[in-house]
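If you want the building blocks of each chain, they are given just below.
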Amino acid sequence: MTSLLVIIVLVLLAVALWQLTKIFDLTQVGSSSDDSQVASDNDNNVQGYIMFGFLAFIYIFTIYGLLKWGNLALHTPASEHGGLVDNLMNITWVLIFTVQVITQGLLYWFSFKYKGNKDKKALFFADSNKLEAIWSIIPSVVLACLILYGLYAWNNIMFVDKDEDVIEIELYAQQFKWTARYAGQDNVLGKANVRLIEGVNTLGVDMSDKNAQDDIVVSELHIPKGKKVHFKMRSQDVLHSAYFPHFRAQMNCVPGMVTEFAFVPTYTTAEYREMPFMVEKVANINKLRAEKSIELVAKGGTALDPYTFDYLLLCNKICGASHYNMQMKVVVDTPEDYKKWLSEKTTLAQDIAAAKAAEKPAEGAAPTTDSTAKVIDTVKAVVDTVKAAVAKVAMK
């Protein structure tokens, strides 16, 4: 309701301003005004200073944004390749910022310096090979270097040697949740197909494949510190994107195909929580949540729970109405804790066997068909008796 009132007020203000301009135009009727529609030297001076004012606004707002929201950017990467990604990003930001400062400065400076003047005549020339070479060659060289460095970084990140000792994990995306499947003791993922989805087997794993017998399916992702993890990604329905912001990793999950990404975690969850910048960030978040909780409680609501940092796997593609809530908790353990956690999990084969056993009736239980029939007959007899009694009362 408040938003509607604000919109109505703004519309009424716009109408009022429009009417005022009409009234002002009427008051100028008969006066000696310049209606030539040609800018005067005074007009050009005003426009030149407005250009300078807008240039100052751009620079001031840019600096303000960096000081105000610069701390919201991702901090220390939690993967080995994260530093390479951050370095590439920082170089790109520096180039963009430098070019923006120079080009915008020149644009508005020239607009002011060479503003219209009746005593000056603009110099015209059809072309300049020198200028064309400068603004073509320099950007081409800079972009070529940036692209080559990007390709170098991409190849280093994406390369996984066939003989390399890695942990194989499948990430399965569906609206609106993630599921992880571990390769088990053989470190080979079993085959899977969406047509095989049934009951407990929600990932469509082919249980006739010997490599699938030790696969483990979980809803919380655990990975060990210092060990390369090779993710293979599938999507059940629409296009998703597996995004690990703190590990600087992202890969699309495409229906009908398998995509992959690999990285080495460098900090456990506990270690990352203890970093000074994270301690400060969590404290600030909890301060805001405490203030908000006071408002909620005063209105009869429930207080917000304190925030605790966790690595997250997010979906970075708008995949539907609950896209914002499609996330999975990621825990980076020490190698010892990871092995212990994994050893406590049951395999998918065991889960399927347990589900089938639960579906069978308990042994020794008496059949219930006869007893059910007797109950039905008794109920019918009671109903008939009640109907007869009601009929007799009605006749009297």
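Residues numbered from 1 in each chain as written. Predicted model: local features only at pLDDT ≥ 70, side-chain atom pairs only at ≥ 80, totals over all residues. Heavy atoms only, no water.

J.: Quick question: what am I supposed to make of the packing of aromatic side chains here?
T.: Geometrically, a pair of aromatic rings is defined through the distance of the ring centres and the angle of the planes. For the structure shown, the criterion picks out 24 aromatic pairs. Ring geometry for Phe 52 against Phe 112: centres 4.8 Å apart, planes inclined by 45°, an arrangement best described as tilted. Here Phe 52, found in helix α2 (residues 41–69), pairs with Phe 112, found in helix α3 (residues 82–113); they are 60 residues apart in sequence, far enough to count as distant. Ring-pair connections join several aromatic residues into one group, and the members of that group are Phe 231, Phe 244, Phe 247, Phe 263, Tyr 267, Tyr 272, Phe 277, Phe 309 and Tyr 311. In this structure, Lys 115 packs its charged tip against the face of Phe 112, placed 4.2 Å from the ring centre. (Phe/Tyr/Trp six-rings, centres within 6.5 Å; stacked < 30°, edge-to-face > 60°. Helix = DSSP H or I, 4+ residues; strand = E, 2+ residues; numbered from the N terminus. Lys NZ or Arg CZ within 6 Å of the ring centre and 35° of its normal.)

J.: How should I be thinking about the pattern of salt bridges in this particular structure?
T.: Side chains that differ in charge, positive against negative, can pair when their charged atoms come close. Under the definition given, this model contains nine salt bridges. A salt bridge links Asp 86 to Arg 248; the nearest nitrogen and oxygen atoms lie 2.7 Å apart. You can see Asp 86 sitting in helix α3 and its partner Arg 248 sitting in the loop between β6 (240–244) and β7 (249–253), a full 162 residues away along the chain. Between Lys 225 and Glu 271 there is a salt bridge, and its shortest N-O distance comes to 3.1 Å. Note that Lys 225 is positioned in the loop between β4 (221–224) and β5 (229–235) and Glu 271 in helix α5 (residues 269–273), a separation of 46 residues in sequence. (Salt bridge = Lys/Arg side-chain N within 4 Å of Asp/Glu carboxyl O.)

J.: Looking at this model, I keep getting lost on the sheet that holds strand β10 (residues 327–333). Mind explaining?
T.: In sheet architecture, strand pairing relies on hydrogen bonds along the backbone and comes in two forms, parallel and antiparallel. Ordered in space as β4-β10-β9-β6-β7, the five strands form an open sheet in which the pairing is mixed. Bordering the open sheet on either side are β4 and β7, each of which pairs with just one other strand. Shown here is a sheet whose adjacent strand axes are inclined to one another by a mean of 25°, direction ignored. Contacts from helix α7 (residues 335–343) reach β4 and β10, with the element oriented near 140° to β4. (Pairing = 2+ DSSP bridges. Axes fitted to C-alpha atoms, helices over the stretch in contact; angles between N-to-C directions. Contact = heavy atoms within 4.5 Å.)

J.: What exactly am I supposed to notice about the sheet that holds β5 here?
T.: Across the sheet, which stays open at both edges, the five strands sit in the order β3-β2-β1-β5-β8 with mixed pairing between neighbours. Strands at the two margins of the open sheet, each flanked by one partner only, are β3 (216–218) and β8 (259–263). Neighbouring strand axes in the sheet, compared pairwise and without regard to direction, differ in orientation by 25° on average. Across five bridges, β5 lies against β8 in antiparallel orientation. When the bridges of β8 are listed, Lys 232 appears paired with Glu 260. Sheet strands in contact with α7 are β1 (167–174), β2 (177–182) and β3, and its direction is about 95° off that of β2.

J.: Teacher, can you tell me more about the nonpolar core here?
T.: Here is a general trend for soluble globular proteins: nonpolar side chains tend to be buried in one another's company. By size, the foremost hydrophobic cluster in this structure holds 41 residues, and its most contacted members are Tyr 182, Leu 221, Ile 223, Phe 231 and Phe 244. Here this core gets four residues from one element, more than from any other, and that element is β1. Within the second largest apolar cluster, six residues are counted, among which are Tyr 172, Val 205, Ala 212 and Ile 352. (Core = buried A, V, L, I, M, F, W, Y, C linked by side-chain atoms within 4.5 Å. Buried < 20%, exposed > 50% of the residue type's maximum accessible area, 1.4 Å probe, protein only.)

J.: Looking at this structure, I do not really get the pairing of β6. What am I missing?
T.: In summary, the side chains of a regular strand alternate between the two faces of the sheet. Extensive coverage of β6 is indicated by the burial of four of its five residues. The hairpin turn running from β6 into β7, its antiparallel successor, is four residues long, and Arg 248 in that turn takes a positive phi close to 55°. Strand direction decides the pairing type here: β6 and strand β9 (residues 311–315), joined by two bridges, are antiparallel. Residue pairing in the sheet places Tyr 243 in a bridge with Leu 314 of β9.

J.: What is the right way to look at α3 in this model?
T.: Relative to the 46 Å expected for 32 residues at 1.5 Å per residue, α3 spans 46 Å between its end C-alpha atoms, a close match to the ideal helical length. Along α3, the residues classified as buried are Gly 82, Asp 86, Gly 105, Tyr 108 and Phe 112. At its buried positions, α3 is contacted by α2. (Expected span 1.5 Å × (residues − 1).)

J.: What exactly am I supposed to notice about the packing of α3 against helix α4 (residues 129–158) here?
T.: The description of two helices packed together rests on the angle between their axes and the distance between the axes. Contact pair α3 / α4: the axes reach a minimum separation of 10 Å and the direction vectors enclose 165°. Judged on the interaxial angle alone, α4 and α3 are roughly antiparallel. For the crossing formed where α3 meets α4, the hand is left-handed. In this structure, α3 contributes Leu 84, Val 85, Asn 87, Leu 88, Ile 91, Thr 92 and Leu 95 to the contact, and α4 contributes Val 142, Leu 146, Tyr 149, Gly 150, Ala 153, Asn 156 and Ile 157. Classifying every residue of the contact of α3 with α4 gives 10 nonpolar, four polar and no charged. (Parallel < 35°, antiparallel > 145°, perpendicular 65-115°, else oblique. Left-handed = near helix turned anticlockwise from the far one by under 90°. Nonpolar A, V, L, I, M, F, W, Y, C, P; charged D, E, K, R; others polar.)

J.: Where do I start with the environment of Leu 313 in this structure?
T.: Within the secondary structure, Leu 313 sits in strand β9. Spatially, the C-alpha atom of Leu 313 lies 9.8 Å from that of Phe 247, the residues being 66 residues apart in sequence. Those residues in contact with Leu 313, other than ones at most four positions away along the chain, are Leu 171, Trp 178, Ala 242, Tyr 243, Phe 244, Met 326, Gln 327, Met 328 and Val 330.

J.: Would you mind going over a nonpolar patch on the surface with me for this structure?
T.: On the surface, a cluster of nonpolar side chains totalling about 850 Å² of accessible area is made up of Ile 91, Leu 95, Leu 123, Phe 125, Leu 131, Ile 134, Trp 135, Ile 138 and Val 142. As for its position among the elements, Ile 91 is in helix α3. With relative accessibility at 33%, the residue Ile 91 sits in the partly exposed group. (Patch = residues over 30% accessible without salt bridge, like charges linked within 9 Å, V, L, I, M, F, W, Y side chains within 5 Å. Areas by Shrake-Rupley, 256 points an atom, 1.4 Å probe, with all protein chains shown as cover.)

J.: When you look at helix α6 (residues 276–298) in this model, what are you seeing that I'm missing?
T.: One turn of the α-helix equals 3.6 residues, which is why residues spaced by three or four share an orientation. Compared with an ideal rise of 1.5 Å per residue, which puts 23 residues at 33 Å, α6 spans 33 Å between its outermost C-alpha atoms and is within 8% of the ideal. Of the residues making up α6, those classed as buried are Phe 277, Met 278, Val 282 and Ser 293. Its buried side turned inward, α6 meets α5.

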